Amino acid sequence: MSDLDLRPDFRQCGGRDDVSGSPVRELLHPREASLGSTAVRRLLPSLGRRMVGAWCFVDHFGPDDIADEPGMQVPPHPHMGLQTVSWLHEGEVLHRDSVGSVQPLRPRQLGLMTSGRGIAHAEQSTVPHPRLLHGAQLWVALPGAHRNTAPAFEHHADLPVVMAPGLAATVILGGLDGAVSPGKTFTPLVGADLALNEGAAVRLPVERDFEYAVLTMSGDTEVDGVRLAPGSMLYLGAGRSELPLRAHSDAGLLLLGGEPFEEKIIMWWNLIGRTQAEITEGREAWMSGDRFGTVRGYDGAPMPAPALPATALKPRGRTR
Ligand code: MN
């Protein structure tokens, strides 16, 4: 998916300033946007919280009834310096990209796109498509040593699942309780889908030196004692070895965590760089048809890049 801001600003992310080394419970407030016929809640970056480990972008969309709607319609757009993770609970989306991938994505299958130095992709609800669309789009920042790696796409339909009473945890990326996702990672991190049954009370084993956040996608849950409604995300900091979870109804959560991302990066629109000049070059390359390649088979025009901000990035002050 794409950042839909019409006038995005440069945003500096990374570094240790905002990382809590000890457990905290910080509720993140979403920003609402719309994506065709689907409402999107942007949880990351949000006011006061820009990254959780290398996770740098979290959009939650739906569940929406799209029976009589086109559903997701995201024209070709570029990415650089990051990986995208597509994760559905309901619906079906067709991914096409400029390395030639044409892949339908179904619920609880991993679509992992590594942009490296540059890739372009489009995402559309399939025709016909299921009545409901519900999912999340996540980005992972690539570390400096790997940010210019070759673009690639992976599809994993069979991910490891950790079972415990009342819990089925699908490991999307990284490892959880000894189970490891086949998806390629470049920094120590984890992404896991936690399906909880009504009445479940579990203590999830986690890494003390990872910071974590949990997004509730559906159901009525308690994460470390904090009641979370669907569409809410709780930042948890680091310093835990287990995470208490309760479900007051059947529920679906996303656990995101990782080692704090030490490098400072600049995010703008769908691009990540280390300097504003790199972002400007990336934008120009997209607008002139260079570097990012062509998405074949998409019926429509590619997405134009928004204008660059008129003012340069301001030095970053405290955000909390
Ligand atoms: Mn995208």
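Just above sits the structure.
Residues numbered from 1 in each chain as written. Predicted model: local features only at pLDDT ≥ 70, side-chain atom pairs only at ≥ 80, totals over all residues. Heavy atoms only, no water.

With respect to the overall build of the protein
Part 1 of the reasoning: A count of helical and extended segments in the protein gives one helix and 26 strands.
Part 2 of the reasoning: Compactness check: the protein gives a C-alpha radius of gyration of 19 Å against a globular reference of 20 Å for 320 residues, within 12% of the reference.
Part 3 of the reasoning: Counting only C-alpha atoms and orienting by the principal axes, one finds that the protein spans roughly 55 × 50 × 30 Å.
Part 4 of the reasoning: A burial count over the protein gives 57% of its 320 residues as buried.
Part 5 of the reasoning: Counting contacts in the protein only where the partners sit at least 6 residues apart, residues at least 24 apart contribute 74% of the total.
Part 6 of the reasoning: Surface summary for the protein: the accessible area is close to 12,900 Å², and the carbon and sulfur share equals 50%.
Part 7 of the reasoning: Each charge class in the protein can be summarised by its mean position, and for the 30 positive and 37 negative side chains these summaries are 6 Å apart. (Helix = DSSP H or I, 4+ residues; strand = E, 2+ residues; numbered from the N terminus. Rg over C-alpha atoms; globule rule 2.2 N^0.38 Å. Buried < 20%, exposed > 50% of the residue type's maximum accessible area, 1.4 Å probe, protein only. Contact = heavy atoms within 4.5 Å. Areas by Shrake-Rupley, 256 points an atom, 1.4 Å probe, with all protein chains shown as cover. Lys, Arg positive; Asp, Glu negative; His and termini not counted. Charge placed at Lys NZ, Arg CZ, Asp CG, Glu CD.)

Some thoughts on unusual backbone geometry
Part 1 of the reasoning: A cis geometry characterises the amide bond from Gly62 onward to Pro63, with omega recorded as 0°.
Part 2 of the reasoning: For Pro63, the position within the fold is in strand β5 (residues 55-65).
Part 3 of the reasoning: Residue Pro128 follows Val127 across a cis peptide bond; omega there is -10°.
Part 4 of the reasoning: With respect to the helices, strands and loops of the structure, Pro128 is situated in the loop between β11 (119-125) and β12 (132-141).

A closer look at the sheet that holds strand β25 (residues 265-268)
Part 1 of the reasoning: One open sheet accounts for three strands, arranged β1-β25-β26; its pairing is antiparallel. A strand with exactly one partner marks an edge of an open sheet, and here the two such strands are β1 (11-13) and β26 (271-273). Taking each pair of neighbouring strands and ignoring which way they run, the sheet shows an average axis angle of 30°.
Part 2 of the reasoning: By the bridge criterion, three bridges tie β1 to β25 in an arrangement that is antiparallel. Bridge assignment links Arg11 to a residue of β25, and that residue is Met267.
Part 3 of the reasoning: On top of the sheet, helix α1 (residues 276-287) reaches β25 and β26; it is set at about 145° to β26, its chief contact. (Pairing = 2+ DSSP bridges. Axes fitted to C-alpha atoms, helices over the stretch in contact; angles between N-to-C directions.)

So, the sheet that holds strand β20 (residues 221-223)
Pairing between the strands of a sheet is mediated by backbone hydrogen bonds and can be parallel or antiparallel.
Part 1 of the reasoning: The strand order across the open sheet built from four strands is β18-β23-β20-β21, with neighbouring strands paired in antiparallel fashion. At either margin of the open sheet sits one strand with a lone partner, and together these are β18 (201-205) and β21 (226-228). In this sheet, adjacent strand axes meet at a mean angle of 30° when their direction is disregarded.
Part 2 of the reasoning: Relative to β21, β20 is paired through three bridges, and the arrangement is antiparallel. Residue Val223 lies in a different strand from β21, and its bridge partner there is Val226.

Re the pattern of salt bridges
Part 1 of the reasoning: If you walk through the whole model with that rule in mind, you get 13 salt bridges.
Part 2 of the reasoning: The partner of Arg147 in a salt bridge is Glu278, with the nearest N and O atoms 2.8 Å apart. Placement of the pair is Arg147 in the loop between β12 and β13 (152-156) and Glu278 in helix α1, with a sequence separation of 131 residues.
Part 3 of the reasoning: Exposure remark for Glu278: the relative accessible area of 21% places this residue in the partly exposed category.
Part 4 of the reasoning: The salt bridge involving Arg203 is made with Glu242; its shortest N-O contact spans 2.5 Å. Here the residue Arg203 occupies a position in strand β18, and Glu242 occupies one in strand β23 (residues 242-247), the gap between them amounting to 39 residues.
Part 5 of the reasoning: A relative accessible area of 56% places Arg203 in the exposed class.
Part 6 of the reasoning: For Glu242, a relative accessible area of 35% translates into the label partly exposed. (Salt bridge = Lys/Arg side-chain N within 4 Å of Asp/Glu carboxyl O.)

Some points on the environment of His60
Part 1 of the reasoning: Inspection of the secondary structure puts His60 in strand β5.
Part 2 of the reasoning: In the structure, His60 is positioned 157 residues away from Met217 in sequence and 7.5 Å away in space, judged by C-alpha atoms.

Section: the environment of Leu142
Part 1 of the reasoning: Within the element layout of this structure, Leu142 appears in the loop between β12 and β13.
Part 2 of the reasoning: You can call Leu142 buried: its relative accessible area is 0%.
Part 3 of the reasoning: Taking the C-alpha atoms as reference points, Leu142 and Leu82, separated by 60 residues in sequence, lie 5.0 Å from one another.
Part 4 of the reasoning: Setting aside its immediate chain neighbours within four residues, Leu142 contacts Gly81, Leu82, Gln83, Thr114, Gly116, Arg147, Thr149, Phe186, Phe261 and Arg274.

Remarks on the packing of aromatic side chains
Part 1 of the reasoning: The tally for this structure, following the rule as stated, stands at four aromatic pairs.
Part 2 of the reasoning: Each ring, one from Phe210 and one from Tyr212, has its centre 6.0 Å from the other, and the planes form 40°; the classification is tilted.
Part 3 of the reasoning: Residue Tyr212 is classed as buried on the basis of its relative accessible area, which comes to 4%.
Part 4 of the reasoning: Arg49 extends its terminal NZ or CZ atom over the ring of Tyr235, reaching a point 3.6 Å from the ring centre. (Phe/Tyr/Trp six-rings, centres within 6.5 Å; stacked < 30°, edge-to-face > 60°. Lys NZ or Arg CZ within 6 Å of the ring centre and 35° of its normal.)

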